[in-house]
Amino acid sequence: MITIEELYKIFIKHPHITTDSRQCSQGAIFFALKGDNFNGNKFAKSALEKGCAYAVIDEPQEEQDDRYLLTTNVLETLQKLAQYHRDQLSIPIIGITGTNGKTTTKELIATVLKKRYNVQYTKGNFNNHIGVPISILSIDSTHDIAVIEMGANHPKEIEFLTKISKPTCGLITNVGKAHLEGFGSLEGVINTKKELYDWLISHKGTIFVNHNNEYLTPLVKGYDKVEYYSSNPESKDATTGEVTKCNPYLHFKLRGIDGEISTHLIGSYNIDNILSAVAIGRKFGISDEKIVEAIAEYTPTNNRSQLMETERNTVIIDAYNANATSMKAAIENFNMIETKAPKCAILGDMLELGEQSSIEHQRIITLLENSKIDNIILVGKEFGNTTHHYRWYETSELLAEKLKTEPIQKNMILLKGSHGIGLQKLIELL
């Protein structure tokens, strides 16, 4: 069995990790992970044939090859290797978690920090027990600072991820009703996200806190290494800004800066994400001029609050994820946008809400009934179980067939739902 120390010596010479035998860069190390429907050990030979230098396995192979590195558990080995690598790094690492806005906040912070530093940050949604180790292992000696996103769907997961990433500072974007199947309640969500604060407090790290958040501010009471940000213009001793308009792009003012700042972000709720990036930028010595420049340049991707002008409509695409908190925010923001075009909301189920699912979906129906949205289309079994009078389709595929014969024209459309509902498949038809 190979030890972590021995494996690390190999990693230093081959600092590229892959867990997919279909994506093997020359000289990489393949980690043969197992899942419910796959066993990476079966693809170890293929990975070597495609150019990987080594394959970390936990099931002996039929043929003898020194490039097979046998361990007792591949996943645990990946995690321990990342933790060992983290111990060799002396750079600041910013940890980010929260119910909503993690990815946008991470990218905003990275965009700001890039104005002065060589930044490594979590790519895509690599924020779980596999993604965080891979993100840590992607940090090398050229990087000055790193931003690591951490997601969770059950208690103690953030605690586990902080032990691997060992952040020196961090923030919780917010807490809301998401993954209730795993957490059980909003209190369970708060306690799990709080695990990041617990790590930072015990290791004397800096915590960035939204001063407006009634759930988060009490959790840092009495701790002296806190940096506040706030969208309340009356907040003192905080990085403060306020939304000036959102039609549909967010514009805001920042205390201490003259004039209005424009962004490519949709949604007034993004002001908190922006202000956290400003606070962190200032903490790390980025000038206000460069911070404003970075925020104005940032353009969201990956179906997160994107604005797309198609041949038929203007579409706000927010179909990467959805929970009770983010759905409510998206609808309220869409309701506020001033436009001459009719408004159409295509909303998909919010998944992983557990026993609260029917209640939360019905609350969204109530919110819609009091909105100024002209046309509402619902997709998914959970919305199908609510009491409503709107057009409803069980699947995105069924709605897609309808749109092919009855297309929506000259509307402003909000596309919002959990990724598993597949609303992103509708974009080409809108």
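Residues numbered from 1 in each chain as written. Predicted model: local features only at pLDDT ≥ 70, side-chain atom pairs only at ≥ 80, totals over all residues. Heavy atoms only, no water.

## Things to note about the sheet that holds strand β3 (residues 54-57)
Point 1. Read from one edge of the open sheet, four strands run β1-β2-β3-β4, paired in parallel fashion. Taken across any chain shown, the strands that pair with only one partner, and hence form the sheet edges, are β1 (17-18) and β4 (68-70).
Point 2. In the sheet, β1 pairs with strand β2 (residues 29-31) via two bridges, with the strands oriented parallel. Among the inter-strand pairings, Thr18 is bridged to a residue of β2, identified as Phe30.
Point 3. Seen against the sheet, helix α1 (residues 4-13) touches β1, β2, β3 and β4 and runs at an angle of roughly 130 degrees to β2.
Point 4. Running at roughly 130 degrees to β2, helix α3 (residues 74-88) makes contact with β1, β2 and β3 of the sheet. (Pairing = 2+ DSSP bridges. Helix = DSSP H or I, 4+ residues; strand = E, 2+ residues; numbered from the N terminus. Contact = heavy atoms within 4.5 Å. Axes fitted to C-alpha atoms, helices over the stretch in contact; angles between N-to-C directions.)

## Quick notes on the packing of aromatic side chains
Point 1. All told, the structure shown has two aromatic pairs when counted by the stated rule.
Point 2. Look at Tyr8 and Phe11: their rings are 5.8 Å apart centre to centre, the planes differ by 35 degrees, and that puts the pair in the tilted class. One end of the pair is Tyr8 and the other is Phe11, both in helix α1 and three residues apart, which spans about a single turn.
Point 3. Overall, Phe11 belongs to the buried group, its relative accessible area being 2%. (Phe/Tyr/Trp six-rings, centres within 6.5 Å; stacked < 30°, edge-to-face > 60°. Buried < 20%, exposed > 50% of the residue type's maximum accessible area, 1.4 Å probe, protein only.)

## What about the packing of α1 against α3?
Point 1. Following both chains from N to C, one finds α1 and α3 inclined at 70 degrees, their axes separated by 10 Å at the closest point. On the basis of the axis angle, α1 is roughly perpendicular to α3. Where α1 abuts α3, its residues Ile4, Glu5, Leu7, Tyr8 and Phe11 lie against Thr77, Lys80, Leu81, Tyr84, His85 and Gln88.
Point 2. Here the residues of the contact of α1 with α3 sort into six nonpolar, three polar and two charged. (Parallel < 35°, antiparallel > 145°, perpendicular 65-115°, else oblique. Nonpolar A, V, L, I, M, F, W, Y, C, P; charged D, E, K, R; others polar.)

## Digging into the nonpolar core
Point 1. Ranked by internal contacts, the top residues of the largest apolar core, which has 43 residues, are Phe31 and Ile136.
Point 2. Residue assignment for this core shows that the elements contributing at least two residues are α1, β2, α3, α5 (131-137), β7 (145-149), α6 (157-165), α8 (186-202) and β9 (206-210).
Point 3. Among the elements that take part in this core, α8 stands out by supplying six residues, more than any other.
Point 4. Discounting residues that sit within four places of it in the chain, Ile136 has contacts with Ala82, His85, Arg86, Ile93, Ile148, Ile164 and Ser165.
Point 5. Formed by 35 residues, the second largest nonpolar core is a distinct cluster that contains Ile96, Leu265, Ile271 and Leu275. (Core = buried A, V, L, I, M, F, W, Y, C linked by side-chain atoms within 4.5 Å.)

## Points about the pattern of salt bridges
Point 1. In the structure shown here, the tally under the stated rule is 22 salt bridges.
Point 2. The partner of Lys115 in a salt bridge is Glu293, and the shortest N-O contact between them spans 2.7 Å. Placement of Lys115 in the loop between α4 (102-113) and β6 (119-121) and of Glu293 in helix α10 (residues 288-297) is noted, with a sequence separation of 178 residues between them.
Point 3. The partly exposed category is assigned to Glu293, whose relative accessible area is 31%.
Point 4. Linking Glu293 and Lys290 is a salt bridge whose minimum nitrogen-to-oxygen distance equals 3.8 Å. Of this pair, Glu293 and Lys290 both sit in helix α10, three residues apart, which is roughly one turn of the helix.
Point 5. Through salt bridges with shared partners, a single network forms among Lys115, Lys290, Glu293 and Glu297. (Salt bridge = Lys/Arg side-chain N within 4 Å of Asp/Glu carboxyl O.)

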